[in-house]
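Each chain, letter by letter, is given below.
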Amino acid sequence: MARDRDQLPDLRRSPGGGAKSGDPGPFAVPEHIARLSPYLPGKPALQLERELGITGAIKMASNENPLGPSPRALEAARRAAGEMHLYPDGASFALRRGLAAHHGVDMDELVVGGGSNELIHLLVRTFCAPGRDEVVTHRHAFISYALAARTHGVDVVETPVTRELRCDVDALCAGFGPRTRLVFVANPNNPTGSHLTRAELEEVLERAPARALVVVDEAYHEYAAGLDPDYPAIEPYRAERPAVVALRTFSKIHGMAGLRIGYAICDRRAARRLDQTRRPFNVTSVAQVAALAALDDREHVARSLEAAASGVAALTRGFSGLGLTVLPSLANFVLVDVGREADGVYQGLLERGVITRPMAAWGLPRHLRVSIASAPDIARAVDAMAAVLAG
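Student: I would appreciate a short explanation of the packing of helix H4 (residues 93-103) against helix H11 (residues 285-295) in the present structure.
Tutor: Axes are the key here: two packed helices are described by the angle between their axes and the distance separating the axes. Axis separation between H4 and H11 bottoms out at 9 Å; the angle between their running directions is 20 degrees. Accordingly, the angle class assigned to the pair H4 and H11 is roughly parallel. H4 and H11 meet at a crossing whose hand is left-handed. Contacts from Ala94, Leu95, Gly98, Leu99 and His102 of H4 reach H11 at Gln288, Ala291, Leu292 and Leu295. In the contact of H4 with H11, the residues fall into six nonpolar, three polar and no charged.

Student: Before we go on, may I ask you to explain the sheet that holds strand S13 (residues 364-371) in this structure?
Tutor: With antiparallel pairing, four strands are arranged side by side in an open sheet as S9-S10-S13-S12. This sheet does not close on itself; its edge strands, each paired only once, are strand S9 (325-326) and strand S12 (357-359). Where S12 lies against S13, three bridges are found, and the strand directions are antiparallel. Looking at the pairing, Met359 lines up with Leu364 of S13. Where helix H12 (residues 298-320) meets the sheet, it contacts S9, strand S10 (333-337) and S13, and its direction lies at approximately 15 degrees from that of S10. Lying on the sheet, helix H13 (residues 342-351) is in contact with S12 and S13; it crosses S13 at an angle near 35 degrees.

Student: Help me understand helix H8 (residues 198-207) in this model?
Tutor: Along an α-helix, residues three or four positions apart point the same way, because every turn accommodates 3.6 residues. All buried positions along H8 are accounted for by Glu200, Leu201, Val204 and Leu205. For H8, the buried positions fall inside an angular range of 135 degrees around the axis, keeping them on one side. When the buried face of H8 is taken as reference, the exposed residues oriented beyond 90 degrees from it are Ala199 and Glu206. On its buried face, H8 is in contact with helix H7 (169-174), strand S6 (213-217) and strand S7 (244-249).

Student: Before we go on, may I ask you to explain the packing of aromatic side chains in this structure?
Tutor: Two aromatic rings, taken as a pair, are described by how far apart their centres are and by the angle between their planes. One pass over the structure, following the stated rule, counts five aromatic pairs. The interplanar angle of 85 degrees and the centroid separation of 5.7 Å between the aromatic rings of Phe142 and Tyr145 together place this pair among those described as edge-to-face. In this pair, the class of Phe142 matches that of Tyr145, namely buried. Members of the aromatic cluster, connected to one another through ring pairs, are Phe142, Tyr145 and Phe184. Positioned over the ring face of Phe333 is Arg369, at 5.9 Å from the centre of the ring. Between Arg369 and the ring centre of Trp362, over which it is positioned, the NZ or CZ distance is 6.0 Å.

Student: Would you take a moment to explain the environment of Val336 for this structure?
Tutor: For Val336, the position within the fold is in strand S10. Overall, the relative accessible area of 0% leaves Val336 in the buried class. Through-space distance from the C-alpha of Val336 to that of Phe319 is 7.7 Å; in sequence the pair is 17 residues apart. Those residues in contact with Val336, other than ones at most four positions away along the chain, are Phe319, Leu324, Thr325, Val326, Arg366, His367, Leu368 and Val370.

Student: Quick question: what am I supposed to make of helix H5 (residues 115-127) here?
Tutor: Taking 1.5 Å as the rise per residue, H5 with 13 residues should run 18 Å; its terminal C-alpha atoms sit 19 Å apart, in good agreement. When you tally the buried positions in H5, you get 10 out of 13 residues, the bulk of the element. Every buried residue of H5 is accounted for by Gly115, Ser116, Glu118, Leu119, Ile120, His121, Leu122, Leu123, Val124 and Phe127.

Student: Sorry if this is basic, but what is going on with the environment of Pro44 here?
Tutor: Relative to the elements of secondary structure, Pro44 occurs in the loop between helix H1 (31-34) and helix H2 (45-52). A relative accessible area of 38% places Pro44 in the partly exposed class. Note: C-alpha distance between Pro44 and Asp170 (126 residues apart in sequence) is 39 Å. For Pro44, the residues in contact, after removing those within four places along its chain, are Lys59 and Ile355.

Student: How should the sheet that holds strand S8 (residues 262-266) be read in this particular structure?
Tutor: Either a parallel or an antiparallel arrangement is found when strands of a sheet pair, and the pairing is made through backbone hydrogen bonds. Across the sheet, which stays open at both edges, the seven strands sit in the order S2-S8-S7-S6-S5-S3-S4 with mixed pairing between neighbours. Unpaired on one side and paired on the other, strand S2 (110-113) and strand S4 (155-159) mark the two borders of the sheet. Taking the axes of each pair of neighbouring strands and ignoring which way they run, one obtains an average angle of 20 degrees across the sheet. The pairing of S7 with S8 spans five bridges and is classified as antiparallel. For Ala246, the partnering residue across the bridge sits in S8 and is Ile265. Strand contacts of helix H6 (residues 143-151): strand S3 (134-138), S4, strand S5 (180-186) and S6, with the helix running at about 155 degrees to S4, the strand carrying the most contacts.

Student: Would you take a moment to explain unusual backbone geometry for this structure?
Tutor: Note on backbone geometry: most residues besides glycine have negative phi, and most peptide bonds are trans. Of the consecutive residues Asn187 and Pro188, the connecting peptide bond is found in the cis state with omega at 0 degrees. Relative to the helices and strands, Pro188 is located in the loop between S5 and H8. Residue Ser92 is not a glycine yet carries a positive backbone phi of 50 degrees. Phi at Leu165 is positive, roughly 70 degrees, even though this residue is not glycine. Checked against the element boundaries, Leu165 lands in the loop between S4 and H7. Using a relative accessible area of 14% as the deciding quantity, one classes Leu165 as buried.

Parameters and conventions
Residues numbered from 1 in each chain as written. Predicted model: local features only at pLDDT ≥ 70, side-chain atom pairs only at ≥ 80, totals over all residues. Heavy atoms only, no water. Axes fitted to C-alpha atoms, helices over the stretch in contact; angles between N-to-C directions. Helix = DSSP H or I, 4+ residues; strand = E, 2+ residues; numbered from the N terminus. Parallel < 35°, antiparallel > 145°, perpendicular 65-115°, else oblique. Left-handed = near helix turned anticlockwise from the far one by under 90°. Contact = heavy atoms within 4.5 Å. Nonpolar A, V, L, I, M, F, W, Y, C, P; charged D, E, K, R; others polar. Pairing = 2+ DSSP bridges. Buried < 20%, exposed > 50% of the residue type's maximum accessible area, 1.4 Å probe, protein only. Arc of directions from axis to C-beta. Phe/Tyr/Trp six-rings, centres within 6.5 Å; stacked < 30°, edge-to-face > 60°. Lys NZ or Arg CZ within 6 Å of the ring centre and 35° of its normal. Expected span 1.5 Å × (residues − 1).

Next comes the structure, spelled out in structure tokens:
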């Protein structure tokens, strides 16, 4: 029987919700969880429209593909939706078989996850022990590396970067030590758009401790490989250094961020361990079949690459023309130094219906990350930026 509200216990009497001072109560959490700042995604356009009572807001905050998904993926997803009453294939057999053929690897060297973000957390959970191991990355790297480590009570080392906000390879390698278990680098990096050269990547591999897995997050691989013929993928190095993991995703160039699907390419021994801790049915049936259909849609990939190249160029021209500093990018976004604390600029853009991503949580309080969009939306964003800066 439900009790009267006035008869309910006062859960505010102690920090953890218990009735006695010092009693942690049922809602207490470990200290490393209490210290966490949760990941805050880009604001959805519909949310901004509700808040401001406007229509036509544009989201340029989450590095989404403005062309949307492959038509082949859409058709496959429609067909698969009719069987959503069935559990998905927990082993993602058909998708892994397609990925194996696509990349020229064995099926048992592939692990599929709910976006590469799940795999980042899975790597920490599987291979790191709190108090014993460390995760090493660099400052202003993808925030999920440090967040995954802290979520699992694992220490994280974030090394200095260059003045241009690129990974300082000497500093990164100087951060390696006897406790280093995972090394995370993104190539290209989010949010800066910068990438490691072949020589830099090889130096990281050479200097990484033997007990460490080097995880190279290639979420923007297809963009980088299409924009720079010298961009180095990590896959060829696995033969000489098996303790390497490549992360890929269908969220970016394939335009399937809403389905949450990514994958790791790694030594079969690492894949076996990841499968021990991976959640059952972690990728939906719709996501699996849509990803398989999208995998070989070269026309969609080519169109998406062209959109990224022209979009980055237009954003760079537009913002540079306003006197702002725009970092070079091999992805589908740019990082912009607005010359002041960026929160006010971010808010001013929101008031004009343009959603960007402030980077203070990444340690970059003067910067905004701006994703590509259609040509008219890019022009609108540049005009809105000009108005905010002038205002």
